[in-house]
Amino acid sequence: MAEIATGVLHNVGNVLNSVNVSASLALEKVRTSEVSSLSKAGEMLEKNRDNLPEFLTSDERGKQLPPF
């Protein structure tokens, strides 16, 4: 019985380790994603929607939006 319990615990440990590694990778992807930058870009577009052509051609921040 001890051998069976050891085997089960070993397998559970392997699964938990895989979950931990996957969660760490997902967290790192979220931290390094540019989703927050996309939100900021949307806010800038929203603030300047009345003069969008001028904003995109004259403002330094606006000029960076099309390549982004």
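What counts as what
Per chain, the residues get numbers from 1 upward, laid out in the order the sequence is written. Only residues with pLDDT of at least 70 get local features here, since the model is predicted, and only at 80 or more are side-chain atom pairs given and counted; chain-wide, interface and lining totals rely on the full set of residues. No hydrogens and no water enter the side-chain calculation; it runs on all heavy atoms of the structure. Numbering of helices and strands runs from the N terminus, with a helix taken as a DSSP run of H or I at least four residues long and a strand as a DSSP run of E at least two residues long. Taken over C-alpha atoms, the radius of gyration is set against a globule rule of 2.2 Å times the number of residues to the power 0.38. Relative accessibility thresholds used throughout: buried, under 20% of the residue-type maximum; exposed, over 50%; partly exposed, between the two (1.4 Å probe, protein chains only). Surface accessibility in these figures is a Shrake-Rupley result with a 1.4 Å probe; residues are shielded only by whichever protein chains are displayed. Under the convention used here, Asp and Glu are negative, Lys and Arg are positive, and both His and the chain ends fall outside the count. Every charge is mapped to an atom, namely NZ of Lys, CZ of Arg, CG of Asp or CD of Glu. One side-chain nitrogen of Lys or Arg within 4 Å of one carboxyl oxygen of Asp or Glu is enough to make a salt bridge. Residues enter patches when they are more than 30% accessible in relative terms and free of salt bridges; like-charged ones are connected within 9 Å and nonpolar ones (Val, Leu, Ile, Met, Phe, Trp, Tyr) within 5 Å. Confidence per residue, as judged by the predictor, is encoded in pLDDT with a range of 0 to 100.

Q: Just to check I follow, could you spell out the overall build of the chain for this structure?
A: When helices and strands are counted, the chain shows four helices and zero strands. Listed N to C, the secondary structure of the chain is α-α-α-α in terms of helices and strands. Relative to the 2.2 N^0.38 estimate, which gives 11 Å for 68 residues, the radius of gyration of the chain is 24 Å and therefore markedly larger than a compact globule would have. Across its three principal directions, the C-alpha atoms of the chain cover 75 × 15 × 10 Å. Out of the 68 residues in the chain, the part that is buried amounts to 9%. A total of about 5900 Å² of accessible surface is found on the chain, and carbon and sulfur atoms cover 60% of it. For the chain, the distance from the average position of its 7 positive side-chain charges to the average position of its 9 negative side-chain charges is 3 Å.

Q: Would you mind going over the pattern of salt bridges with me for this structure?
A: Once their charged atoms are close, side chains differing in charge can pair, the charge on each being opposite to the other. Summed over the entire model, instances satisfying the criterion amount to three salt bridges. A salt bridge links Arg-49 to Glu-46, with the shortest nitrogen-to-oxygen separation between them at 3.3 Å. For Asp-59, the salt bridge goes to Arg-61, with nearest N and O atoms at 3.6 Å. Given the relative accessible area of 25%, Asp-59 is considered partly exposed. On the accessibility criterion, Arg-61 (47% relative accessible area) is partly exposed.

Q: Before we go on, may I ask you to explain the environment of Ser-58 in this structure?
A: The topology assignment puts Ser-58 in helix 3 (residues 52-58). A residue is classified by how much of its surface remains accessible, and Ser-58, at 48% relative accessible area, is partly exposed. Along the backbone, Ser-58 and His-10 are 48 residues apart, and their C-alpha atoms lie at a distance of 63 Å.

Q: Explain a nonpolar patch on the surface here, please?
A: Together, Ile-4, Val-8, Val-12 and Leu-16 give the surface a local cluster of nonpolar side chains, amounting to about 380 Å² of exposed area. Along the chain, Val-8 falls in helix 1 (residues 2-32).

Q: Any chance you could explain the environment of Leu-52 here in plain terms?
A: Relative to the assigned elements, Leu-52 resides in helix 3. Remark: the alpha-carbon pair of Leu-52 and Gly-62, spanning ten residues in sequence, is separated by 8.6 Å.

Q: What is the right way to look at the confidence of the model for the chain in this model?
A: Reading fine detail from the predicted coordinates is not recommended where pLDDT is low. With 100% of its residues at a pLDDT of 70 or more, the chain shows a mean pLDDT of 92. Least confident of the elements in the chain is helix 2 (residues 35-47), whose mean pLDDT is 90; most confident is helix 3, at 94.

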